[in-house]
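# Structure at a glance
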Amino acid sequence: GEDVEQSLFLSVREGDSSVINCTYTDSSSTYLYWYKQEPGAGLQLLTYIFSNMDMKQDQRLTVLLNKKDKHLSLRIADTQTGDSAIYFCAERGSSASKIIFGSGTRLSIRP
Amino acid sequence: DGGITQSPKYLFRKEGQNVTLSCEQNLNHDAMYWYRQDPGQGLRLIYYSQIVNDFQKGDIAEGYSVSREKKESFPLTVTSAQKNPTAFYLCASSIPRDSGSYTGELFFGEGSRLTVL
């Protein structure tokens with residue numbers, strides 16, 4: 001079945017760039033997403049990319065998609081303490097009526 | 001303001017009791033979903049509904065039940081048959097696929113944390 005994988009933890013220094021990586025197995029994915037979850041709250045969509053795109057930039061966020069390797073990454077430039085959260089990678093297949101989520105990457109910021 | 005409201009935010013249950021989690025949305029979305037979140041395991045789909053009076057099992061439906069009598073409401077009942085119900089439960093909705101602005105994005109509520117004593 002479909003699977004989405006990402007590492008569980010990432011620690012970066014304040015002001016540096018954070019890069020969170022994700023791999024997925026469904027070759028028919030149409031949309032891929034990055035969600036952010038702050039403690040005790042629901043998920044909020046950060047950004048998404050359509051499968052026919054290679055890159056998408058939105059202010060401090062850059063998403064890169066390598067469809068051949070089924071690899072998705074999220075780069076956060078100039079990481080701030082407010083970026084501390086869990087980041088989920090997710091994908092929706094072409095015929096799927098549901099979204100498959102990764103296990104989430106907990107991003108922590110050190111001074 | 002449009003959004004998804006989940007209640008209660010915190011709930012404690014004794015073993016053997018059923019409990020119902022409420023999810024209401026005023027976004028006029030057709031599709032609604034229930035996910036369960038456990039630490040380090042991400043989100044797992046319990047049930048989803050694409051239209052009123054219809055719903056499908058997700059990956060971990062055993063021990064749960066749902067109803068979809070109204071477009072705005074998709075309550076989840078955690079039954080006594082659910083062996084390990086302590087978790088954070090998230091409700092979500094999405095716009096119709098034939099919408100011109102469709103991106104497949106899910107809109108989430110703030111979650112309900114259920115603890116079984």
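Residues numbered from 1 in each chain as written. Chains lettered and ligands numbered in written order. Predicted model: local features only at pLDDT ≥ 70, side-chain atom pairs only at ≥ 80, totals over all residues. Heavy atoms only, no water.

### What about the interface of chain A and chain B?
The partner chain B presents 24 residues to the 22 residues of chain A that form the contact. For the pair chain A and chain B, the two sides together bury roughly 1,800 Å², of which 51% comes from carbon and sulfur. At the junction of chain A with chain B, the criterion picks out 0 salt bridges. Our count for the contact surface shared by chain A and chain B stands at 7 residue pairs in polar contact (both at pLDDT 80 or more). Contributing elements (two or more residues each) for the side of chain A that touches chain B: β4 (29-37), β5 (43-50), β9 (85-93) and β10 (99-101) of chain A. Take the side of chain A that touches chain B: its biggest share by element is 4 residues, from β4(A). (Contact = heavy atoms within 4.5 Å. Buried area = accessible area lost by both parts, 1.4 Å probe. Salt bridge = Lys/Arg side-chain N within 4 Å of Asp/Glu carboxyl O. Polar contact = N/O pair within 3.5 Å; in protein donor to acceptor, adjacent residues only side chain to side chain. Helix = DSSP H or I, 4+ residues; strand = E, 2+ residues; numbered from the N terminus.)

### A look at the pairing of strand β2 (residues 10-13) of chain B
All names here are of chain B. The two faces of β2 differ: L11 and R13 on one face are buried, but Y10 and F12 on the other face are not. Bridge analysis of β2 against strand β11 (residues 112-116) gives 4 bridges, and the strand direction is parallel. Each residue of the ladder has a partner; that of Y10, found in β11, is R113. (Buried < 20%, exposed > 50% of the residue type's maximum accessible area, 1.4 Å probe, protein only. Pairing = 2+ DSSP bridges.)

### Some points on the state of the cysteines
By the definition in use, this model includes 2 disulfides over all chains. Through a disulfide, C22(A) is tied to C89(A); the S-S separation comes to 2.0 Å. Its torsion about the S-S bond being -65°, the disulfide of C22(A) and C89(A) is classed as left-handed. Residue C22(A) is found in strand β3 (residues 18-24), and its partner C89(A) is found in strand β9; the two are separated by 67 residues along the sequence. There is a disulfide in this structure between C23(B) and C91(B), and the S-S distance comes to 1.9 Å. (Disulfide = S-S within 2.5 Å.)

### What about the sheet that holds strand β8 (residues 71-76) of chain A?
Residues and elements named next belong to chain A. Here we have 5 strands laid out as an open sheet, ordered β1-β3-β8-β7-β6, and antiparallel in their pairing. Every interior strand has two partners, whereas the edge strands, β1 (4-5) and β6 (55-58), have only one. Examined bridge by bridge, strand β7 (residues 61-66) and β8 share 6 bridges and lie antiparallel to one another. Within β8, the residue paired with L65 across the bridge is L72.

### Concerning the pattern of salt bridges
Scanning the entire structure with this criterion turns up 6 salt bridges over all chains. The residue R60(A) makes a salt bridge to D83(A) at a minimum N-O spacing of 3.0 Å. A residue pair is termed long-range when its members are at least 10 positions apart, and R60(A) in the loop between β6 and β7 and D83(A) in the loop between β8 and β9 qualify at 23 residues. Residue class for R60(A) comes out partly exposed when judged on its relative accessible area of 34%. Note that R44(B) and D38(B) form a salt bridge whose closest N and O atoms lie 2.8 Å from each other. Under the relative-accessibility criterion, R44(B) is labelled partly exposed at 27%. For D38(B), a relative accessible area of 10% corresponds to the buried category.

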